[in-house]
Amino acid sequence: MTNLSPAATTSPHDWMKRQSRWSPVEILFWLATLLPFFLFPTYLTLASQIAIAALFAISVDLILGYAGIVTLGHAMFFGLGAYTAALLSLRMGWGEPITALIMAGAVAGAVGFVTSFLIVRVQHLALIMVTLGLGLLTYELANSLTWLTGGTDGLRLPRTWPVLNYFRFDLWGYTAYGFSLAVLFVAFLVSRRIVNSSFGLSLRGIRENVKRMPAIGSEYRWHLQKIYTISAVLAGMAGGLLTQTTSTVALDVLSFQRSADVVVMLILGGTGRLYGAILGALIYFIARDQLAGVNPQYWYFGIGLLLMVVVLFMPKGILGGLASLMGRKA
Amino acid sequence: MVKKIAAAMALGLCLGTASVAYAQETVKIGVILPYSGPFADAANQLQAGIDLYIAKHGDEVAGKKIELIKKDTGGPAADAAQRAAQELVVRDGVDILAGFALTPEALGAAPVSEEAQKLMVVMNAATSIVTEQSPYIVRTSVTIPQLNTAFGQWAAEQGVKQAYTLVADYGPGHDAEKSFSAGFTGAGGTIVGSDRTPVANPDFSAFVQRVRDANPEAVYIFVPGGAQPAAIGKALVDRGLAPPDVKILAQGELTHPEALQSMGETARGIITTFHYTLERDDPLNKEYVEGYTAANNGREPDLFSIGGYDGMHLIYEALKKTNGDTSGDALVEAAKGMSWQSPRGPMSIDPETRDVVQTVYIREVQEVDGKLQNVIIHEIPEVKDPLHGTR
Amino acid sequence: MLGNIVIVLFDGFAFGMLLFVLSVGLSVTLGLMNFINLAHGAFGMLGGYVTVTVMRHLGFPFLLALPMAFIAAAMVSVVFERTLFRRLYRAGELNQVLFTIGLVFVAAAVATYLFGTAQQPIILPSWLRGSIEIAGMRFGVYRIFLIAISLAIVALLVFGIERTRLGAQIRAAVDNQRVAQGLGLDVERVFAITFALGSGLAGLGGALAIEIVGLDPAFGFHFLVYVLIVVSVGGLGSITGSFVGAALLGIGDVAGKYFVPEIGSFLIYVLLVAILLIRPTGLFGRR
């Protein structure tokens, strides 16, 4: 919450300017994301999938952490983006990564815009159920269209064309990680700009108390629809990235599992912070790798326990916990 | 671009040499399976088949030690499988990729197998296209068209004139529907109706009622293992759709041990097609089943187990043939045309398609010594997958 | 043709009754405590496994195993409610959802460890098997049993809510918790008892479900979606709502699959979204 003590009153613009300044920790963090290229080249594929998951998590953080929309069906947009990129490559022979990614985002965004009309009409449990229902609906629809989507078996795609006609997608994952990281960074910049703007502030207002927003003249429904659409675009791009870096797609990109996993990542890292999304993705994948390595069958136990512990003792996620430790305000 | 490839190759060579030095002692096999999640049971059964083979034949082949490295995909996730395969090759330096209970897993790992030139042994995934994804893929399980086209043909030849098909609404189900119809209509039969049931379907009454309405001579069923076989079996009989009035034809999952136990009397007379029959009266099979149940707390082997077991056999024999050479090309060449006697019966690897060629068994549930079992009533030897080369 | 419709309705209603037994507990606790307990399905799974264990290892008959499932689930739920859940009553939807989902994960892993991943079949007593023929139509005996038990439970619940003191306390706490507390009602005790009852019913539902849908460690997840749909469509805190919602869902699902099988699988999701858009609090919801 913002600090409203009389001694520290600042104008809203100053406050927002302060929030948008780059702290040295942030700069260090982004520099560190380049380390895998040099120090851990055998981990590049894992790194690229973490980056994609982080992008997906950021897209959900925009609506969940900032606007307060709890969703259990966001894989719908992730999957739509994934299949758009896949079908462009397979059926239309178009494998240029950047344009295909934009198209993936556009298709997911269009669907997101249409469904946003439904989303703004419900709250609380009904909202969760509507997102869940829409997600499951999309999965079943894609399954019925197996002739198009390859169904549960999935599709094998021709290799994606080199990025900028130069960087070839290779076995080691250099291009995959580089491309995913670049897209993640750009998306992060965009998201950061959004949340540190007056639009972002109004979203937080909606999250805190939606009933009061019309009283201060905020067009909250339109704002919600806008952020929901933006979130769908980003999720679609994450899905498209996954297709492009793996040259395969299967029905499970639309599954409830994916929707649940991304929400778990957010709660682990901390909602409403953008970096929480990235950290959550990192923690989730590492935890999964380690726990599954110990005993693949019981990794569920580990992640379930982790989830329960985090919710009980660190409800603001790990970043939130750290922030409270250091005495910083949200 | 050239510099990047050169750098990557240099790095690869360094790691490669390092692992080659090690590899003179061990052969590393990366096993990719859905150990956690909804398909964990299949993964466990397959792994048990692998473990049984190693326990029986020791963990040394051609002077080298066999080491397994397991990676979980969590379910039908192509991306997780690809990452697992890539990590196994690049980080753990495996020589062979194995496992693959589900088609997306195989599709995901295929590019890695192709680029890194590693033998990839598919031990369960059953869609025809799998072996076409990489020249290094060999399959030791079964394909759905292999079983069902022959089955459909046999059914028509037995005098069944019409059939209603009822399959689960997902890839394998669609394949089963298509291949059964192809074989059945090709031999003169008519399909009077076809429905698809949702995969996570708790209740079959509506579908069974539709079948009842059509009053066919026979009904063909495909459902995945687990809870569904018993549920649909009971539903059919409850509606009066049972032999001898209506023939029930299905792929073998319908009459697996737990389903038979749950269905009880209602299972009598169901005719199924499968590549592995638990009760098959054969010394090799009996030995296999005894060893398996002893090692697994009384749990009996199933199609997943035999896929894993025979997959390991293929690996061992290939290694013996190449004298320990683990390069993908050598191993694939050794695997092509290999034929052996397995607990399931005779099987071989087609040298052109690298897919499994085996006997298709037609079984009927009959009472033997007071217990209902799958009794083999017909055998169709050396059946190949009919779809290769047609897509 | 009429006979077919009757049978389809009957089967759908029976399935709906199973869903009712599984969901009514969640509906009441959600309406009462505003606590989204997604681990409700895990209590169902517990009931199922208890049934299988006592039948197989202790040789109990099926009818005796059912109340055991109820009691076991009720007792375990009280322990969880007292120690863990009560800390989250004010924690917000997302946290409740995630905490209870974590619990389901843990429960699934424990079930895998104890029982393995295989299906757990049970053998029903002979008088519950097969079907009987009435007016030329065949009705499954087990389904008749399901309907009978569920109607009995509805009757007991409605009677309990309307006529007993505890029922009055529950109604008061659901209607307005603060005022009820102000009047001296021990709301926490009401919570605990209601929670135990609801979870016990889930356990019973799990035991009853084995014959229809089987039992494995993923049961908690499988049924989660159906239960949530019943609860949100029926309305929170309403027994009638759960009954109608479950019946609608069961019949709608089966009828949809019978008449238009191509859309059978997503009909319920379309219905869910449509109903919630028109009446966000469900058909019989209060808030």
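Starting from 1, residues in each chain are numbered consecutively following that chain's sequence as written. Labels follow written order: the first chain is A, the first ligand is 1, and so on. Side-chain atom pairs in this predicted model are given and counted only at pLDDT of 80 or more, local residue features only at pLDDT of at least 70, and totals for whole chains, interfaces and linings cover all residues. Processing note: side-chain calculations cover all non-hydrogen atoms of the structure and skip hydrogens and water entirely.

Visitor: How would you explain the overall build of chain A if you had to name every residue and give the values?
Guide: When helices and strands are tallied, chain A shows 15 helices and 2 strands. Computation of the radius of gyration draws on C-alpha atoms alone. For the globule rule, the value is 2.2 Å times the number of residues to the power 0.38. Computed over C-alpha atoms, the radius of gyration of chain A comes to 20 Å, within 12% of the 20 Å expected from 2.2 N^0.38 for 330 residues, which places it in the range of a compact globule. With the C-alpha coordinates of chain A rotated into their principal frame, the extents come out at 60 × 45 × 45 Å. Any two residues whose heavy atoms approach within 4.5 Å are treated as being in contact. Within chain A, contacts between residues separated by at least 24 positions form 79% of all contacts whose residues are at least 6 apart in sequence. We get accessible surface area from the Shrake-Rupley algorithm with a probe of 1.4 Å; when it comes to residues, only the shown protein chains can shield them. For chain A, the exposed area adds up to about 13800 Å²; of that, 69% sits on carbon and sulfur atoms. Counting 22 positive and 12 negative side-chain charges, chain A places the centres of these two groups 9 Å from one another. Every helix listed is a DSSP run of H or I at least four residues long, and every strand listed is a run of E at least two residues long, numbered separately from the N terminus. When charges are tallied, Lys and Arg are placed among the positive residues and Asp and Glu among the negative ones, while His and the ends of the chain are skipped. All charge positions are set by atom: Lys at NZ, Arg at CZ, Asp at CG, Glu at CD.

Visitor: How would you summarise the overall build of chain B if you had to cite specific residues and measurements?
Guide: Tallying secondary structure elements over chain B gives 12 helices and 15 strands in all. In terms of overall dimensions, chain B is globule-like: its C-alpha atoms have a radius of gyration of 22 Å, near the 21 Å expected for 391 residues. Residue burial is assigned from relative accessible area. The probe radius is 1.4 Å, only protein chains are included, and a residue is buried under 20% of its type maximum, exposed over 50%, and partly exposed in between. In chain B, buried positions account for 64% of the 391 residues. The contacts in chain B between residues at least 6 apart in sequence include a share of 66% that link residues at least 24 apart. Summed over its atoms, the accessible surface of chain B is roughly 13400 Å², and 52% of this surface lies on carbon and sulfur atoms. In chain B, 33 side chains carry a positive charge and 49 a negative one; their mean positions are 4 Å apart.

Visitor: Explain the interface of chain B and chain C to me, using residue names and the numbers behind them.
Guide: Between chain B and chain C, the residue contacts involve 26 residues of the former and 24 residues of the latter. Accessible area, probed at 1.4 Å, shrinks when two parts are joined; the buried area is that loss added up over both. Both sides together, the interface formed by chain B and chain C hides about 2300 Å², and carbon and sulfur atoms give 54% of it. Contact with chain C buries area across many residues of chain B, yet Pro-202, Asp-203 and Asp-238 of chain B alone supply 23% of it, more than any other trio. A side-chain nitrogen of Lys or Arg and a carboxyl oxygen of Asp or Glu constitute a salt bridge if their distance falls within 4 Å. Across the contact surface, chain B and chain C share 2 salt bridges. Among the salt bridges present, the one from Glu-211 of chain C reaches Lys-234 of chain B, with a minimum N-O distance of 2.7 Å. Between N or O atoms, a polar contact is any pair within 3.5 Å; within protein, one atom must be a potential hydrogen donor and the other a potential acceptor, and residues adjacent in sequence are included only when both atoms are from side chains. Between chain B and chain C we count 6 residue pairs in polar contact (both at pLDDT 80 or more) in total. Contributions of two or more residues to the side of chain B that touches chain C are made by α2 (40-57), α7 (205-214), α8 (228-238) and α9 (257-263) of chain B. Per element, the largest residue contribution to the side of chain B that touches chain C is 6 residues, and it comes from α7 of chain B. All residues other than Ala, Val, Leu, Ile, Met, Phe, Trp, Tyr, Cys, Pro, Asp, Glu, Lys and Arg, Gly among them, are scored as polar; the first ten of these are nonpolar and the last four charged. In the side of chain B that touches chain C, the residues fall into 8 nonpolar, 8 polar and 10 charged.

Visitor: How would you explain the sheet that holds strand β2 (residues 60-61) of chain B if you had to name every residue and give the values?
Guide: Residues and elements named next belong to chain B. The rule for pairing is simple: two strands pair if DSSP sees at least two bridges between them. With respect to topology, 6 strands assemble into an open sheet ordered β2-β3-β1-β4-β5-β6, the strand pairing being mixed. What marks the edges here is a single partner per strand, and that holds for β2 and β6 (137-139). The pairing of strand β4 (residues 96-99) with strand β5 (residues 119-122) spans 4 bridges and is parallel. Residue Ile-96 lies in a different strand from β5, and its bridge partner there is Leu-119.

Visitor: Give me the lowdown on the interface of chain B and chain A, citing residues and values where you can.
Guide: Many descriptions give the size of an interface as the accessible area lost when the pieces come together. Between chain B and chain A, the residue contacts involve 41 residues of the former and 37 residues of the latter. Both sides together, the interface formed by chain B and chain A hides about 3400 Å², and carbon and sulfur atoms give 54% of it. Applying the counting rule to chain B against chain A returns 4 salt bridges. Linking Arg-258 of chain A and Asp-79 of chain B is a salt bridge whose minimum nitrogen-to-oxygen distance equals 2.8 Å. Put simply, the parts of the chain that give the side of chain B that touches chain A at least two residues each are α1 (2-23), α3 (78-90), α4 (103-116) and α6 (171-186) of chain B.

Visitor: Outline the pattern of salt bridges, supporting the account with residue identities and numerical values.
Guide: Residues and elements named next belong to chain B. Enumeration according to the criterion identifies 29 salt bridges over all chains in this entry. A salt bridge links Arg-268 to Glu-367; the nearest nitrogen and oxygen atoms lie 2.6 Å apart. Of this pair, Arg-268 sits in the loop between α9 and β11 (271-274) while Glu-367 sits in strand β14 (residues 356-368), and the two are 99 residues apart along the sequence. Exposure remark for Glu-367: the relative accessible area of 42% places this residue in the partly exposed category. A salt bridge links Lys-336 to Glu-333; the shortest N-O distance between them is 3.2 Å. The network of salt bridges with shared partners includes Lys-71, Arg-83, Glu-87 and Arg-91.

Visitor: Describe the pairing of strand β12 (residues 339-342) of chain B, listing the residues and the values that go with them.
Guide: Residues and elements named next belong to chain B. Here β12 shows one buried face, formed by Trp-340 and Ser-342, and one open face, formed by Ser-339 and Gln-341. In this sheet, strand β13 (residues 345-349) lies alongside β12 in antiparallel orientation, the contact comprising 4 bridges. Paired with Ser-342 across the bridge in β13 is Gly-345. The antiparallel hairpin formed by β12 and β13 contains 2 residues in its connecting segment.

Visitor: Describe the nonpolar core, with residues and values.
Guide: By size, the foremost hydrophobic cluster in this structure holds 230 residues, and its most contacted members are Leu-55 of chain A, Leu-97 of chain B together with Phe-62, Phe-85, Tyr-142, Leu-208 and Ile-229 of chain C. Broken down by element, the residue count for this core peaks at 17 residues, all from helix α4 (residues 44-66) of chain A. To define a nonpolar core, start from buried Ala, Val, Leu, Ile, Met, Phe, Trp, Tyr and Cys residues and group those joined through side-chain atoms within 4.5 Å. The next biggest cluster of nonpolar side chains, apart from the first, holds 75 residues, and it includes Met-123, Tyr-220, Phe-304 and Met-312 of chain B.

Visitor: Can you tell me about α8 of chain B, naming the residues and giving the values?
Guide: Note that an α-helix has 3.6 residues per turn; residues three or four places apart therefore point the same way. With respect to burial, α8 of chain B is a largely interior element, 10 of its 11 residues being buried. Those residues of α8 of chain B lying buried are Gln-228, Pro-229, Ala-230, Ala-231, Ile-232, Gly-233, Lys-234, Ala-235, Leu-236 and Val-237 of chain B. On the buried face of α8 of chain B, the contacting elements are β7 (162-168), α7, β9 (218-222), β10 (247-251) and α9 of chain B together with α8 (187-213) of chain C. Within two residues after α8 of chain B, Gly-240 of chain B carries a phi angle of roughly 80 degrees, on the positive side.

Visitor: Any chance you could break down the packing of aromatic side chains for me, citing the residues and the numbers?
Guide: Each Phe, Tyr or Trp ring (for Trp, its six-membered ring) is paired with any other whose centre lies within 6.5 Å, and the angle between the two planes then decides the class: stacked below 30 degrees, edge-to-face above 60, tilted in between. Per the counting criterion, the structure on display carries 47 aromatic pairs over all chains. Arranged with centres 5.2 Å apart and planes meeting at 80 degrees, the rings of Phe-113 of chain A and Phe-117 of chain A form a pair that is edge-to-face. In this pair, Phe-113 of chain A and Phe-117 of chain A are both assigned in helix α6 (residues 97-119), 4 residues apart and thus about one turn of the helix distant. Seen from their ring centres, Tyr-166 of chain A and Phe-167 of chain A are 5.0 Å apart, and the 85 degrees between their planes marks the pair as edge-to-face. The exposure class assigned to Tyr-166 of chain A is partly exposed, which follows from its relative accessible area of 43%. Its end group placed over the ring of Phe-199 of chain A, Lys-226 of chain A keeps NZ or CZ at 4.6 Å from the ring centre. Only when the NZ of Lys or the CZ of Arg is both within 6 Å of the ring centre and within 35 degrees of the ring normal is a charge said to sit over the ring. Its end group placed over the ring of Tyr-43 of chain A, Arg-91 of chain B keeps NZ or CZ at 3.5 Å from the ring centre.

Visitor: So what's going on with the side chain of Ser-259 of chain A? Which residues, and what values?
Guide: Residue and element names in this part refer to chain A. Secondary-structure assignment places Ser-259 in helix α12 (residues 256-269). Given a relative accessible area of 3%, Ser-259 falls into the buried group. Sequence-distant contacts of Ser-259, that is, excluding residues within four places in its chain, are made with Leu-72, Gly-73, His-74 and Ala-75.

Visitor: Kindly report on a nonpolar patch on the surface, identifying the contributing residues and their values.
Guide: Residue and element names in this part refer to chain A. Here the term patch refers to residues with relative accessible area over 30% and no salt bridge, with like charges joined within 9 Å and nonpolar side chains (Val, Leu, Ile, Met, Phe, Trp, Tyr) within 5 Å. A contiguous nonpolar surface patch, about 1000 Å² in accessible area, is contributed by Trp-22, Ile-27, Leu-31, Leu-34, Leu-35, Phe-38, Leu-39, Phe-40, Tyr-43, Phe-185 and Leu-189. You can see Leu-34 is positioned in the loop between α2 (24-32) and α3 (35-38). Exposure remark for Leu-34: the relative accessible area of 38% places this residue in the partly exposed category.

Visitor: Explain the confidence of the model for chain B to me, and be specific about the residues and the numbers.
Guide: The pLDDT averaged across chain B works out to 88; a share of 93% of its residues lies at or above 70. For this predicted complex, the interface confidence score (ipTM) comes to 0.85, while the overall pTM stands at 0.88. Confidence scores labelled pLDDT are given residue by residue by the predictor and lie between 0 and 100.

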